Amino acid sequence: MADEDLGVRDETVRKAPIWDRPTRIFHWVLAILFVICYVSGSQGRFDIHIPAGQALLVLVVARVVWGFVGSQTSRLLALFRSPATVLAYLRTVPRRVPDRYGGHNPLGGFSVLAMLGLLLLQTGLGLFAADVDGLNEGPLSFLVSYDLAREASGLHALVVDILLVLVGLHLAAILFHLVYKRENLTGAMVTGSGPVPDGHRQPRIARDRRAVLVLGLAIVAVIGGIELAQRVF
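Residues numbered from 1 in each chain as written. Predicted model: local features only at pLDDT ≥ 70, side-chain atom pairs only at ≥ 80, totals over all residues. Heavy atoms only, no water.

Caption draft 1: Highlighting the nonpolar core. Core analysis: the biggest nonpolar cluster contains 23 residues, and Leu30, Leu56, Val60, Leu116, Leu119 and Leu163 have the highest contact counts within it. Elements that contribute at least two residues to this core include exactly helix 1 (21–42), helix 2 (46–69), helix 4 (106–128) and helix 5 (146–179). Sequence-distant contacts of leucine 119, defined by excluding residues within four places in its chain, comprise Leu30, Phe34, Leu56, Val60 and Leu163. Membership of the second largest hydrophobic core comes to 13 residues, among which are Leu127, Ala206, Ala211 and Val214. (Core = buried A, V, L, I, M, F, W, Y, C linked by side-chain atoms within 4.5 Å. Buried < 20%, exposed > 50% of the residue type's maximum accessible area, 1.4 Å probe, protein only. Helix = DSSP H or I, 4+ residues; strand = E, 2+ residues; numbered from the N terminus. Contact = heavy atoms within 4.5 Å.)

Caption draft 2: Representation of a positive patch on the surface. A cluster of basic side chains, namely Arg75, Arg204, Arg207, Arg209 and Arg210, defines a positive patch on the protein surface. Among the structural elements, arginine 75 can be located in the loop between helix 2 and helix 3 (83–92). Under the relative-accessibility criterion, arginine 75 is labelled partly exposed at 30%. (Patch = residues over 30% accessible without salt bridge, like charges linked within 9 Å, V, L, I, M, F, W, Y side chains within 5 Å. Areas by Shrake-Rupley, 256 points an atom, 1.4 Å probe, with all protein chains shown as cover. Salt bridge = Lys/Arg side-chain N within 4 Å of Asp/Glu carboxyl O. Lys, Arg positive; Asp, Glu negative; His and termini not counted. Charge placed at Lys NZ, Arg CZ, Asp CG, Glu CD.)

Caption draft 3: Quick peek at the layout of surface pockets. Its boundaries defined by the atoms lining it, the largest pocket holds a volume of some 1400 Å³. Sorting the residues of the lining of the largest pocket by element identifies helix 1, helix 4, helix 5, helix 6 (185–191) and strand 2 (193–197) as the ones contributing at least two each. Class assignment of the residues belonging to the lining of the largest pocket gives a composition of 30 nonpolar, 15 polar and five charged. Roughly 550 Å³ of volume is contained in the second largest pocket. If you trace the second largest pocket, you find 28 residues lining it, with Gly41, Phe46, His49, Gln122 and His156 closest to the centre. Mapped by element, the contributors of at least two residues to the lining of the second largest pocket are helix 1, helix 2, helix 4 and helix 5. Among the elements that take part in the lining of the second largest pocket, helix 2 stands out by supplying six residues, more than any other. (1 Å grid on protein atoms, 1.4 Å probe; cavity = no way out; pocket = protein on both sides within 12 Å on 5 of 7 lines; lining within 4 Å. Points joined across faces, edges and corners; volume = space filled by probe spheres on them. Nonpolar A, V, L, I, M, F, W, Y, C, P; charged D, E, K, R; others polar.)

Given below as structure tokens:
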């Protein structure tokens, strides 16, 4: 939403659509796949970890594309705010009132961008990673040398640690908004609607069938790309 969203927190509020269905489904499926990838990787269940990682990559690629063709609040450009806007928002954080942004707040937008970027890096590295004995390898590890595959594996482990920190901060922010600011962010991500100021313009919501097309393209790009590389090289 625009920078002028700042300063509307004291207006009368109403319920309005905020998040489209594809964005909400992405959010919850992403959380599930991330847990599956982390647990299966920690337990050495690479028969689960590798396909789950590929599914996660498909999902993130679809979300990035959706960030260009999806609903207004889901657009990647909506996540970028000017430094002045972020600083102005930070000054309002101690106020014990809901933000009512009708989307991500300035700090939350950058958090989403960081997680998407790290997830792309994490899943991309996983494609080329290999363990010490070479028994468990990413589907494209044959394209690089053993040393590069081991380096990709090390970075793969490092990035997941960074992601865990971001996930922890994300959960802490949700709890902070719920308990301190009296704002249920999770509810809006379930129902799609949330409280917005009376003067808030309803965002443009994209149709679900567009998301199905985007998901199909992501599957073709990721899974088809892996299959093609394995056949050609």
